[in-house]
Amino acid sequence: MSEYKYYLRKIDNSSSNLLILELKPKDNQPIFSFRPGQYVLIAYRDKRGKMTDKHAFSIASSPTKRDSLLFGIRVQGDFTKGLELLKIGDELSVAGPYGDFCYDERKHSSVVMIAGGIGITPFFSALNYASDLGINNHLALLYSARKIEDAAFYNEIKDLAVKNKNITTLFSFTEEAVVFEKEGIINQRFDAGIIKNFVGRVDDKIFFICGPKPFMDAMVVNLNVLGVGAKQIKMEEFVMIPRKSVLIPWRNFAYAVGVAAVLFVTAFSLINRTTAVSSGSKNVDTSLLVQVNQGAIERLVSIYEAKNKALVDLNQQIIAAGLNGGTSAPVSSSNPASESSSVKPKTVPAPATLVNPTPVQASQPISIPRPRTRVS
Ligand SMILES: Cc1cc2nc3c(=O)[nH]c(=O)nc-3n(C[C@H](O)[C@H](O)[C@H](O)COP(=O)(O)OP(=O)(O)OC[C@H]3O[C@@H](n4cnc5c(N)ncnc54)[C@H](O)[C@@H]3O)c2cc1C
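Because the structure is predicted, anything quoted here is derived from the model rather than measured. (Residues numbered from 1 in each chain as written. Predicted model: local features only at pLDDT ≥ 70, side-chain atom pairs only at ≥ 80, totals over all residues.)

A. Focus on the overall build of the protein. Helices and strands together make up the secondary structure of the protein, namely seven helices and 13 strands. Put simply, the protein has 376 residues, and 33% of those count as buried. In the protein, 73% of the contacts between residues at least 6 apart in sequence involve partners at least 24 apart. (Helix = DSSP H or I, 4+ residues; strand = E, 2+ residues; numbered from the N terminus. Buried ≥ 20, exposed ≤ 12 C-beta atoms within 10 Å, placed from the backbone. Contact = placed C-beta atoms within 7 Å.)

Structure follows, in structure tokens:
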């Protein structure tokens, strides 16, 4: 994967904890090709001028938008707070694209996208992509956030659904004080009944889920209840495995040698003392002891060497996949054969707790709760 120089074209941090960034290629060339749902690794110069680690962010714009990339970012820690301080024109490094959490219009004729919080970003790309190309596939979006102000791209998504009749939306704002009378907006968590009522038949659909882990787990359980099979579910978790430093194998090796030396000295002095006690003499032939201990040490070192080799291989794979330089390796469930073997596939949880999932019967009354009356 390639690394590009981009610059900050627009920044919007008017909503609390939410940052919208637009990046453009430095040389004003068209952007690289990508598929809706892919992500990139971003790094920038911090206020001391030092290049930061690389962090993963899904591209929120459509691949049809050829001149810039859009990102929706939840501001939480040092990296994202640093992004907030960037000025228009500042340079960023963008590497990618990566991932396989992708909407494919040839395969996915009826799609259900379930987003929790900032997990909306890959779906916003897909919705724009389908609309820009006039794709006839049906895209149903269930989007949950605490409050409207937390919901990135909320107005833009509503506009898309008005313009494109193939897009249907159901919003849930679980902590919004105002209860909405409008259709398509609830303030209750998505459960199996709500999902079933909104999407209808489930056997002909593919379900994409993206959001915080507890949200994703709850949605998988809901889909299980509805009888949706694991093969129909694609998930992307916005979690990264902290990077293993390339120095770790050498640290381990030094540690192994140190341990071996301590073992050798301890064993040597113990045997020496035992021999001296039993023979009543301090004049021992140490060459035999050295030979005996040498075997044990060699075995110990070879075990550590094997472990080190595995770690070096792993780090090389991380480097080869362009995930080095302080980058954590993203966990992707949708991409078991992804470009980096360091990407740990996360399998869709087996319905362990739901060994015999009870599909919700069509006859079973399921109702989307009626909006409550406005709270004054
Ligand atoms: C494939 C993928 C796509 C993503 N897309 C988006 C997106 O579109 N929008 C968005 O807002 N976020 C996205 N994320 C998550 C984003 O990368 C992290 O939330 C962000 O980098 C964290 O930076 P920070 O400044 O908030 O935390 P930091 O202060 O940099 O990190 C604090 C601590 O948390 C650890 N850490 C950093 N990131 C994560 C993480 N994701 N999970 C667990 N621990 C972490 C760090 O190692 C550090 O120890 C995505 C993640 C992945 C893997």
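B. The pairing of strand β5 (residues 69–74), seen in detail. Burial of β5 is extensive: five of the six residues sit out of reach of the surface. As paired strands, strand β2 (residues 18–25) and β5 are joined by six bridges and run antiparallel to one another. Within β5, the residue paired with Leu21 across the bridge is Phe71. (Pairing = 2+ DSSP bridges.)

C. Quick peek at the sheet that holds strand β1 (residues 2–12). Pairing within the open sheet is antiparallel, and its six strands lie in the order β4-β3-β6-β1-β2-β5. Both outer strands of the open sheet, β4 (55–58) and β5, are each paired with one neighbouring strand and no more. Averaged over all neighbouring strand pairs, the angle between strand axes comes to 40 degrees, with direction disregarded. (Axes fitted to C-alpha atoms, helices over the stretch in contact; angles between N-to-C directions.)

D. Structural detail: unusual backbone geometry. Following Gly96, the chain continues to Pro97 via a peptide bond in cis, the omega torsion being 0 degrees. We note that Asn17 has phi near 65 degrees; this positive angle belongs to a residue other than glycine. Within the secondary structure, Asn17 is located in the loop between β1 and β2. A positive phi angle, near 60 degrees, is found at Asn28, a position not held by glycine. Structurally, the position occupied by Asn28 is in the loop between β2 and β3 (39–44). Taking the number of C-beta atoms within 10 Å as the measure of exposure, Asn28 has 8 and is therefore exposed.

E. Examining the nonpolar core more closely. Ile114, Phe123, Leu141 and Ile209 are the most contacted members of the largest nonpolar core, which has 72 residues in total. Not counting chain neighbours up to four residues away, the residues in contact with Ile209 comprise Ile114, Met216, Met219, Val220, Ile233 and Met235. (Core = buried A, V, L, I, M, F, W, Y, C linked by C-beta atoms within 7 Å.)

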